[in-house]
Amino acid sequence: MSAVESFTNQAPGQPGVRGVLHRPDGNASAALVLTHGAGSNCRAPLLVAMAEAFAAGGIAVLRCDLPFRQARPHGPPFGNGTNDRAGLRRAVDVLREIVPVRTFLGGHSYGGRQASMLAAEDPALAGGLLLLSYPLHPPEKPEQLRTAHFPKLQTPALFVHGCRDPFGSLEEMQSARRQIPAPTELLHIEGAGHDLGRGGYDALAIKVLAAFLRLVGQP
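Figured I'd write up the structure that's included with this text. (Residues numbered from 1 in each chain as written. Predicted model: local features only at pLDDT ≥ 70, side-chain atom pairs only at ≥ 80, totals over all residues. Heavy atoms only, no water.)

Digging into the overall build of the chain
Scanning the chain from terminus to terminus reveals six helices and eight strands. Each helix and strand of the chain, placed in order from N terminus to C terminus, yields the pattern β-β-β-α-β-α-α-β-α-β-β-α-β-α. Overall, the chain is about 40 × 35 × 30 Å in size when its C-alpha atoms are taken along their principal axes. Considering the chain as a whole, with its 219 residues, one finds that 54% of them fall into the buried category. (Helix = DSSP H or I, 4+ residues; strand = E, 2+ residues; numbered from the N terminus. Buried < 20%, exposed > 50% of the residue type's maximum accessible area, 1.4 Å probe, protein only.)

Regarding helix 4 (residues 110–121)
An ideal rise of 1.5 Å per residue puts 16 Å on twelve residues; helix 4 measures up with 17 Å between its terminal C-alpha atoms. With ten of its twelve residues buried, helix 4 lies for the most part within the structure. Those residues of helix 4 that sit buried are Tyr 110, Gly 111, Gly 112, Gln 114, Ala 115, Ser 116, Met 117, Leu 118, Ala 119 and Ala 120. Considering only its buried residues, helix 4 is in contact with strand 3 (30–35), helix 2 (67–71), helix 3 (82–98), strand 5 (103–108) and strand 6 (129–132). (Expected span 1.5 Å × (residues − 1). Contact = heavy atoms within 4.5 Å.)

A closer look at the packing of helix 3 against helix 4
The N-to-C vectors of helix 3 and helix 4 enclose an angle of 75°; their axes lie 9 Å apart at closest approach. Judged by the angle between their axes, helix 3 and helix 4 are roughly perpendicular. For the pair helix 3 and helix 4, the contacting residues are Asp 84, Arg 85, Leu 88 and Arg 89 in the first and Tyr 110, Gly 111, Gln 114, Ala 115, Met 117, Leu 118 and Glu 121 in the second. For the contact of helix 3 with helix 4, the per-class residue count stands at five nonpolar, two polar and four charged. (Axes fitted to C-alpha atoms, helices over the stretch in contact; angles between N-to-C directions. Parallel < 35°, antiparallel > 145°, perpendicular 65-115°, else oblique. Nonpolar A, V, L, I, M, F, W, Y, C, P; charged D, E, K, R; others polar.)

Some details on the nonpolar core
Ranked by size, the top nonpolar core spans 39 residues in total, and within it Val 33, Leu 62, Leu 88, Leu 105, Leu 129 and Phe 159 carry the most contacts. Of all the elements in the fold, those that place two or more residues in this core are strand 2 (17–23), strand 3, strand 4 (59–64), helix 3, helix 4, strand 6, strand 7 (157–162) and helix 5 (170–177). Once residues within four sequence positions are removed from consideration, Leu 88 is found in contact with Val 33, Thr 35, Cys 64, Leu 66, Leu 105, Gly 111, Gln 114, Ala 115 and Leu 118. (Core = buried A, V, L, I, M, F, W, Y, C linked by side-chain atoms within 4.5 Å.)

Section: the packing of helix 1 (residues 45–56) against helix 6 (residues 201–216)
Closest axis-to-axis distance for the helix 1/helix 6 pair is 8 Å, and the angle between their directions is 55°. As the angle between them shows, helix 1 and helix 6 are arranged oblique. Note on packing geometry: the crossing formed by helix 1 with helix 6 is right-handed. Residues Pro 45, Leu 46, Ala 49, Met 50, Ala 53 and Phe 54 of helix 1 form the contact with helix 6, whose participating residues are Tyr 201, Asp 202, Leu 204, Ala 205, Ile 206, Val 208, Leu 209 and Phe 212. When grouped by side-chain class, the residues that make up the contact of helix 1 with helix 6 number 13 nonpolar, no polar and one charged. (Left-handed = near helix turned anticlockwise from the far one by under 90°.)

Re the pattern of salt bridges
Scanning the model with the defined rule gives four salt bridges in all. The partner of Arg 18 in a salt bridge is Asp 65, with the nearest N and O atoms 2.9 Å apart. Placement of Arg 18 in strand 2 and of Asp 65 in the loop between strand 4 and helix 2 is noted, with a sequence separation of 47 residues between them. By relative accessible area, Arg 18 is classed as partly exposed at 31%. (Salt bridge = Lys/Arg side-chain N within 4 Å of Asp/Glu carboxyl O.)

Concerning helix 1
Across its twelve residues, helix 1 extends 16 Å between first and last C-alpha, which sits within 8% of the 16 Å expected from 1.5 Å per residue. Those residues of helix 1 not exposed but buried are Leu 46, Leu 47, Ala 49, Met 50, Ala 51, Ala 53, Phe 54 and Ala 55. Following helix 1 by one or two positions, Gly 58 has its phi on the positive side, about 95°.

Let's talk about the sheet that holds strand 5
Strand order in the open sheet formed by eight strands is 1-2-4-3-5-6-7-8, and the pairing between neighbours is mixed. Whereas interior strands pair on both sides, the edge strands pair on one side only; in this sheet they are strand 1 (3–9) and strand 8 (184–189). Taking each pair of neighbouring strands and ignoring which way they run, the sheet shows an average axis angle of 20°. Where strand 7 and strand 8 come together, six bridges link them in parallel fashion. Residue pairing for strand 8: Phe 159 is matched across the bridge by Leu 186. Lying over the sheet, helix 4 contacts strand 3, strand 5 and strand 6, oriented at roughly 140° with respect to strand 5. (Pairing = 2+ DSSP bridges.)

Dropping the structure here:
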């Protein structure tokens, strides 16, 4: 049974880290920083289910609020994402201080995009990426691809994508991930949209954990 605790870390001159820490029963074999989409926060049911499943599998999880969400409880991200990536980097550093093991990084939608951009900037930061509903392009605007950083990605990445996601079809995702030189896998969720909600999150989280461990190897 994992232990769950609210978590904050405020250090002068550093982005604040705020969220919930899931500690596995026994020593953690790895750690995961997991964050939310543009309209949500770290309490999103999808993130809770993922954190519980990964913690049950021996992986410590910090689900955290991005800086834009720490600044205001509602509303979309602002700026170009630089501050949010800095917050993610700080969350990885803080979690690694608590659990000095191999660390992974991931997020849902906007959070996953920022995680992948950060990994492209710093390939040594994380041992793997968990990208839930990567927002490949805005709905009905397939020409506005968000893949400029993909050729620089050296981090193994699992894409979890709903078959009915308006932010990118499965065919578009398959094409896009071929730009990534690192190993990638695409786990498609039949009948699901951008929220991946079809069929319940608990069963989904178990499936995602198994696919992620197949990709990155057992910690």
